[in-house]
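Each chain, written out:
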Amino acid sequence: MNSAKLLIVGPQGSGKGTQGVRIAEDLGIPVVSTGDVFRENVKGGTPLGQRVKAIIDAGDLVPDSLTGEVVRDRLSQDDAREGFLLDGYPRNLGQVSDLDEFLSSRGDELDAVIELDVPREESIERITLRAKEQGRSDDTEEVIANRLAIYERETAPILDVYRARGIVDRIDGVGSLDEITAQIFAALEARGLRGSDAA
Ligand code: AMP
């Protein structure tokens, strides 16, 4: 089965990038991470990268119209026609509407939303550690605080919309990586989106 259309949501430092890759590999679907697309473009010095660099460095959100364009382009590629895992998009209510519109135009909808639940203090600790390891330009203390504030103000509310549709699986994001992956797999199995590992 590789037709799952998934979204993973959680604050910065929740481990959603790592878990997203594990889920996508397991299901044979691509990860569509807007943050990765933007970072690659900044690195490559493309026109898109030049437009978004200052926004990303400040931890602010790239305008919805531009982000929507990037996502529609990516989801229109062959490998994402049947299934995908979105990481980092949608990030506010306007983007939820944009995505709904795009998916419904091709007769699709999201099958499940994985919410990784991690307390604020734990997120900050993990991002600070990552900043030391990876040296991301948007991992300074001030920018981290801005990104978490935006998450709480703009991104957390999108979960209410998806909860009302009955497609959110809330997963405790504190624990070992393997334990968390196992919980996510169990939730996807319960929705019939993944075969069971049990022989
Ligand atoms: P991330 O790696 O998902 O934390 O994304 C890094 C940065 O890319 C964010 O802080 C934003 O500046 C930008 N970005 C990523 N996804 C979006 C989105 N859906 N909407 C607006 N900006 C985004």
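Throughout what follows, the structure given in this document is the object of discussion. From a predicted model like this one, the values you see are computed outputs, not experimental measurements.

Overview of the site of the ligand
Working step 1: Every one of the 15 residues lining the ligand counts as a neighbour, but Thr34, Arg39, Asp60, Gly88 and Gln95 are closest to it.
Working step 2: Between the ligand and the protein, one listed contact pairs an oxygen atom with a backbone N or O atom of aspartate 60 at 2.5 Å.
Working step 3: Within the backbone of valine 62, an N or O atom sits 3.0 Å from a nitrogen atom of the ligand.
Working step 4: Expressed as a share of its isolated accessible area of 480 Å², the protein-covered part of the ligand is 97%.
Working step 5: Judged by its atoms lying within 2 Å of the grid points, the ligand is housed in the largest pocket.
Working step 6: The element best represented in the shell around the ligand is helix 2 (residues 34-44), accounting for four residues.
Working step 7: Grouping the amino acids of the shell around the ligand by side-chain chemistry returns five nonpolar, five polar and five charged.

Details of the packing of aromatic side chains
Two aromatic rings are characterised by how far apart their centres lie and by the angle between their planes.
Working step 1: All told, the structure shown has zero aromatic pairs when counted by the stated rule.
Working step 2: Over the aromatic face of phenylalanine 185 sits the side chain of arginine 194, whose NZ or CZ is 3.9 Å from the ring centroid.

Quick look at empty space enclosed by the protein
Working step 1: Taken as a whole, this structure holds two cavities of 30 Å³ or more when the rule is applied.
Working step 2: Roughly 70 Å³ of internal volume is contained in the largest cavity.
Working step 3: Lining the largest cavity are Leu7, Ile8, Val9, Gly10, Gln12, Lys16, Gly88, Tyr89, Pro90, Arg91, Tyr151 and Thr155.
Working step 4: Broken down by secondary-structure element, the contributors of at least two residues to the lining of the largest cavity are strand 1 (5-9) and helix 7 (141-164).
Working step 5: No other element matches the three residues that strand 1 contributes to the lining of the largest cavity.
Working step 6: Split by residue class, the lining of the largest cavity holds six nonpolar, four polar and two charged.
Working step 7: Roughly 40 Å³ of volume is contained in the second largest cavity.
Working step 8: As for the second largest cavity, its lining consists of Gly68, Val71, Arg72, Leu75, Tyr89, Asp98, Leu99 and Phe102.
Working step 9: Only helix 4 (64-75) and helix 5 (93-105) provide two or more residues apiece to the lining of the second largest cavity.
Working step 10: Considering each element in turn, the lining of the second largest cavity owes the most residues, four residues, to helix 4.
Working step 11: The residue inventory of the lining of the second largest cavity, partitioned by class, reads five nonpolar, one polar and two charged.

Here we look at the environment of glycine 13
Working step 1: Take glycine 13: it is sitting in the loop between strand 1 and helix 1 (16-27).
Working step 2: In this structure glycine 13 comes out as buried when scored by relative accessible area, which is 13%.
Working step 3: Considering only alpha carbons, one finds glycine 13 and isoleucine 124, 111 residues apart in sequence, at a separation of 6.9 Å.
Working step 4: With residues near it in sequence (within four places) discarded, glycine 13 still touches Ser123, Arg126 and Ile127.

What to know about the layout of surface pockets
Working step 1: A volume near 1,000 Å³ is recorded for the largest pocket.
Working step 2: Forming the walls of the largest pocket are 45 residues, and the residues nearest its centre are Lys16, Arg39, Arg130, Arg136 and Arg147.
Working step 3: Broken down by secondary-structure element, the contributors of at least two residues to the lining of the largest pocket are helix 1, strand 2 (31-33), helix 2, helix 6 (120-134), helix 7 and helix 8 (177-190).
Working step 4: Tallying contributions element by element places helix 6 first for the lining of the largest pocket, with six residues.
Working step 5: A per-class count over the lining of the largest pocket returns 14 nonpolar, 19 polar and twelve charged.

Thresholds applied
- Residues numbered from 1 in each chain as written.
- Predicted model: local features only at pLDDT ≥ 70, side-chain atom pairs only at ≥ 80, totals over all residues.
- Heavy atoms only, no water.
- Near = heavy atom within 4 Å.
- Polar contact = N/O pair within 3.5 Å; in protein donor to acceptor, adjacent residues only side chain to side chain.
- Areas by Shrake-Rupley, 256 points an atom, 1.4 Å probe, with all protein chains shown as cover.
- 1 Å grid on protein atoms, 1.4 Å probe; cavity = no way out; pocket = protein on both sides within 12 Å on 5 of 7 lines; lining within 4 Å.
- Sits in = over half its atoms within 2 Å of the grid points.
- Helix = DSSP H or I, 4+ residues; strand = E, 2+ residues; numbered from the N terminus.
- Nonpolar A, V, L, I, M, F, W, Y, C, P; charged D, E, K, R; others polar.
- Phe/Tyr/Trp six-rings, centres within 6.5 Å; stacked < 30°, edge-to-face > 60°.
- Lys NZ or Arg CZ within 6 Å of the ring centre and 35° of its normal.
- Points joined across faces, edges and corners; volume = space filled by probe spheres on them.
- Buried < 20%, exposed > 50% of the residue type's maximum accessible area, 1.4 Å probe, protein only.
- Contact = heavy atoms within 4.5 Å.

Bear in mind that shape data such as this cannot, by itself, settle questions of function.
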